[in-house]
Amino acid sequence: MLLYERLAGELRTQIAQGALHAGERLPSIRQLAQGHGVSVATAVQACLQLEREGLAVARPRSGYFVRAMALQPPTARSPRRRVPGIVSNPALQNVLDMLARSDLLPLHSATPTPALLPQSALTASLARCLRHGASAALDYAPPQGHLVLRRQIAQRYAQVGAAVAPDEIVITAGAMEAINLALRVVTAPGDVVLVETPTYHGILQTVAALQLKVLEVPNLPGQGIDVARLEQLLQQNTVRAAIVVPNFNNPLGSLTSDVDKQALLESCAQHGTVVIEDDIYGELAWSGQRPSPLRRWDRHGIVISCGSFSKTLSPGLRVGWLAGGNWTDALIRAKYFSTVGSASLPQLAIADYLQRHDLERHLRRLRRTLADNGQRLHEAVTRHWPAGTRASEPQGGLSLWLQLPAGGDGSALFEAALAKGIGTSPGVLFSSRGDYADCLRLSCGLPWNERLDHALKRLGQLAAHQLG
């Protein structure tokens, strides 16, 4: 047995026996080397081995910590009904009321806090655009959006192996307008649209507003879209479009493999289903390895890709886009007759930022922070929440999905948390049928601090009180 394997085995035993607890810091590399009479390189290899096994996690400039392992993943569920129906969820009004409040700890918001985003650099870009190009910045933008920004978005796609031309990109007011425009172009009222379950409630409400019928396909914790079930649903129903989030689904944070992405596209192509890809979280891979968008694997020209800078640069600037493919001309017309065009100043400011700054450097910091936040949330739930609580193991994105023990009520916990000044998102919002009543979504977008730890402890107490 190699020295690093022996050292890793000793640490593994300490973790298994409880001498090292979830969330606790491992001895430093120097301490391990000195205490066990091995080289620094051997100590590093031992910690890397524990990380590969999922027993430890590295935190930038802090060392290695024991990873929380006590929580099981949420149970996968099939939709309760197979008949497509129109979405209606009265619980949404409570959430809309909550969004207007500024006094809450925003664990409900799947957006990075402003402190994690390049505020100073974007402010400088906004000022520069007004100072040196006020006429363009304050004038109408072309319906398709400013070419300087569309070129930069196309370059981002090229870096992940997807061929997207600047001329097929349409700038939108965030990803939700992109999805809305795509649905308006490719569907008509009464059409059936396939969505994941659970999925972001904004997608469900968009489908409802357009008088479309929804069919749900499971997104499995840790696996992504259930492509076998998707194929069954397409065989049994005439589905006009599928709205999918293969890269770090909100709320599970799961990643669909490249093999399954290709299988999904083949199934949809065979059944004449247009694929609307929401890739808003694609840049937020906690591993640092940006996964491929569906567009990379699209051999049939059936994908409309939607994205946004809301989760990576600024939610308030409201700059998203469509890569429209065969539907580009229709999408440009739909954009024009909807809002004429998106605001010029935010487009030009983001283009200026991208020209002057290293986006990848910012994304590396953001990904590390989100991964660290997610791990700390997971550990806090392990420490403070009732036994039997389950949690997702996100691979990216901004969300942690929790399932309460038997008898738990996510909506009741949501209301109790609001009364204590803590925002959460109840699970019933993430299904067209009001499923996931025992679930809750929390945000990983807040930097970890004492206030956040106290809030997780308070939420655990509320959950325990609810269970009696």
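See above for the structure.
Below or above, wherever it landed, is the structure these notes cover. (Residues numbered from 1 in each chain as written. Predicted model: local features only at pLDDT ≥ 70, side-chain atom pairs only at ≥ 80, totals over all residues. Heavy atoms only, no water.)

1. As for the overall build of the chain
Argument step 1. Helix and strand counts for the chain come out as 15 helices and 16 strands.
Argument step 2. With respect to the principal axes defined by its C-alpha atoms, the chain has extents near 70 × 55 × 45 Å.
Argument step 3. Looking at the 468 residues of the chain, the share that counts as buried comes to 56%.
Argument step 4. Carbon and sulfur atoms make up 51% of the accessible area of the chain, which amounts to about 19500 Å² in all.
Argument step 5. Distance between charge centroids for the chain: 4 Å, based on 46 positive and 37 negative side chains. (Helix = DSSP H or I, 4+ residues; strand = E, 2+ residues; numbered from the N terminus. Buried < 20%, exposed > 50% of the residue type's maximum accessible area, 1.4 Å probe, protein only. Areas by Shrake-Rupley, 256 points an atom, 1.4 Å probe, with all protein chains shown as cover. Lys, Arg positive; Asp, Glu negative; His and termini not counted. Charge placed at Lys NZ, Arg CZ, Asp CG, Glu CD.)

2. Things to note about the sheet that holds strand β16 (residues 439-443)
Argument step 1. Reading across the sheet, the 4 strands line up as β12-β13-β16-β15 and stay open at both edges, with antiparallel pairing between neighbours. This sheet does not close on itself; its edge strands, each paired only once, are β12 (390-391) and β15 (425-426). (Pairing = 2+ DSSP bridges.)

3. Topic: the sheet that holds strand β8 (residues 241-244)
Argument step 1. Taking strand neighbours across the sheet as the criterion, the 8 strands line up as β4-β11-β10-β9-β8-β5-β6-β7 in an open arrangement whose pairing is mixed. Edge strands, defined here as strands with exactly one partner in the open sheet, are β4 (169-172) and β7 (224-225).
Argument step 2. As paired elements, strand β5 (residues 192-197) and strand β6 (residues 213-220) share 6 bridges and run parallel to each other. Looking at the pairing, Val195 lines up with Glu216 of β6.
Argument step 3. In the packing of helix α7 (residues 174-186) onto the sheet, contacts are made with β4, β5, β8, β9 (274-278), β10 (303-308) and β11 (320-323), and the angle to β10 comes to roughly 160°. (Contact = heavy atoms within 4.5 Å. Axes fitted to C-alpha atoms, helices over the stretch in contact; angles between N-to-C directions.)

4. Some points on the packing of aromatic side chains
Argument step 1. A full pass over the atoms with the stated rule returns 4 aromatic pairs.
Argument step 2. Relative to Trp321, the ring of Phe309 has its centre 5.0 Å away and its plane inclined at 55°; by these criteria the two rings are tilted. Of the two residues, Phe309 is situated in the loop between β10 and β11 and Trp321 in strand β11; the sequence distance between them amounts to 12 residues. Each of the two residues, Phe309 as well as Trp321, counts as buried.
Argument step 3. Ring geometry for Tyr336 and Phe337: centres 5.2 Å apart, planes at 70°, overall edge-to-face.
Argument step 4. In this structure Tyr336 comes out as partly exposed when scored by relative accessible area, which is 41%.
Argument step 5. Taken together, the aromatic side chains of Trp401, Phe430 and Tyr436 make up a single cluster linked through ring pairs. (Phe/Tyr/Trp six-rings, centres within 6.5 Å; stacked < 30°, edge-to-face > 60°.)

5. A word on a positive patch on the surface
Argument step 1. On the surface, Arg361, Arg364, Arg365 and Arg368 cluster together into a patch of positive charge.
Argument step 2. Within the secondary structure, Arg368 sits in helix α13 (residues 359-384). (Patch = residues over 30% accessible without salt bridge, like charges linked within 9 Å, V, L, I, M, F, W, Y side chains within 5 Å. Salt bridge = Lys/Arg side-chain N within 4 Å of Asp/Glu carboxyl O.)

6. Side note on the packing of helix α6 (residues 147-159) against helix α12 (residues 344-356)
Argument step 1. In contact at an axis separation of 9 Å, α6 and α12 are set at 50° when each is read in the N-to-C sense. In terms of orientation, α6 lies oblique with respect to α12. The way α6 lies across α12 gives a crossing that is left-handed. On the side of α6, the interface is formed by Val148, Leu149 and Gln152, while α12 contributes Gln347, Leu348, Ile350, Ala351, Leu354 and Gln355.
Argument step 2. Considering only residue class, the contact of α6 with α12 consists of 6 nonpolar, 3 polar and no charged. (Parallel < 35°, antiparallel > 145°, perpendicular 65-115°, else oblique. Left-handed = near helix turned anticlockwise from the far one by under 90°. Nonpolar A, V, L, I, M, F, W, Y, C, P; charged D, E, K, R; others polar.)

7. Overview of the state of the cysteines
Argument step 1. Here the structure, examined in full by the defined rule, presents 0 disulfides.
Argument step 2. Free cysteine Cys306: the closest other cysteine sulfur is in Cys268, separated by 15 Å.
Argument step 3. Since its relative accessible area comes to 0%, Cys306 is described here as buried.
Argument step 4. Free of any disulfide, Cys439 has its nearest neighbouring cysteine sulfur in Cys444, separated by 15 Å. (Disulfide = S-S within 2.5 Å.)

8. Considering the nonpolar core
Argument step 1. Ranked by size, the top nonpolar core spans 40 residues in total, and within it Leu107, Trp385, Leu442, Leu456 and Leu459 carry the most contacts.
Argument step 2. Elements supplying a minimum of two residues to this core: α13, β13 (399-403), α14 (410-419), β16 and α15 (450-467).
Argument step 3. With 6 residues, α15 is the single largest residue contributor to this core.
Argument step 4. Not counting the four nearest positions on each side in its chain, Leu459 is found in contact with Leu107, Trp385, Leu413, Ala417, Ile422, Thr424 and Leu442.
Argument step 5. Counting residues in each nonpolar core, the second largest holds 26 residues, with Val193, Val207, Leu322 and Trp327 among its members. (Core = buried A, V, L, I, M, F, W, Y, C linked by side-chain atoms within 4.5 Å.)

9. Side note on unusual backbone geometry
Argument step 1. In this model, Thr197 is joined to Pro198 through a cis peptide bond whose omega is -5°.
Argument step 2. Assignment of secondary structure puts Pro198 in the loop between β5 and α8 (201-209).
Argument step 3. One non-glycine residue, Gln211, adopts positive backbone phi at about 60°.
Argument step 4. Tracing the chain through its elements places Gln211 in the loop between α8 and β6.
Argument step 5. We note that Arg318 has phi near 55°; this positive angle belongs to a residue other than glycine.
Argument step 6. Locating Arg318 in the fold gives a position in the loop between β10 and β11.
Argument step 7. In this structure Arg318 comes out as partly exposed when scored by relative accessible area, which is 37%.

10. Here we look at the environment of Ala8
Argument step 1. Within the secondary structure layout, Ala8 lies in helix α1 (residues 3-16).
Argument step 2. For Ala8, a relative accessible area of 0% corresponds to the buried category.
Argument step 3. Separated by 383 residues in sequence, Ala8 and Ala391 place their C-alpha atoms 27 Å apart.

11. Structural notes on the pattern of salt bridges
Argument step 1. Evaluated as defined, the whole model comprises 15 salt bridges.
Argument step 2. Asp167 is the partner of Arg150 in a salt bridge, and the nearest nitrogen-oxygen pair spans 4.0 Å. Of this pair, Arg150 sits in helix α6 while Asp167 sits in the loop between α6 and β4, placing them 17 residues apart in sequence.
Argument step 3. With a relative accessible area of 8%, Arg150 lands in the buried category.
Argument step 4. Measuring nitrogen to oxygen at the nearest pair gives 3.0 Å for the salt bridge that ties Arg376 to Asp372. Taken together, the residues span about one helical turn, with Arg376 and Asp372 both in helix α13 at a distance of 4 residues.
Argument step 5. Look at Arg376 and you get partly exposed, because its relative accessible area is 21%.
Argument step 6. For Asp372, a relative accessible area of 16% puts it in the buried group.
Argument step 7. Through salt bridges with shared partners, a single ionic network connects Arg156, Asp279, Glu283, Arg290, Glu360 and Arg367.

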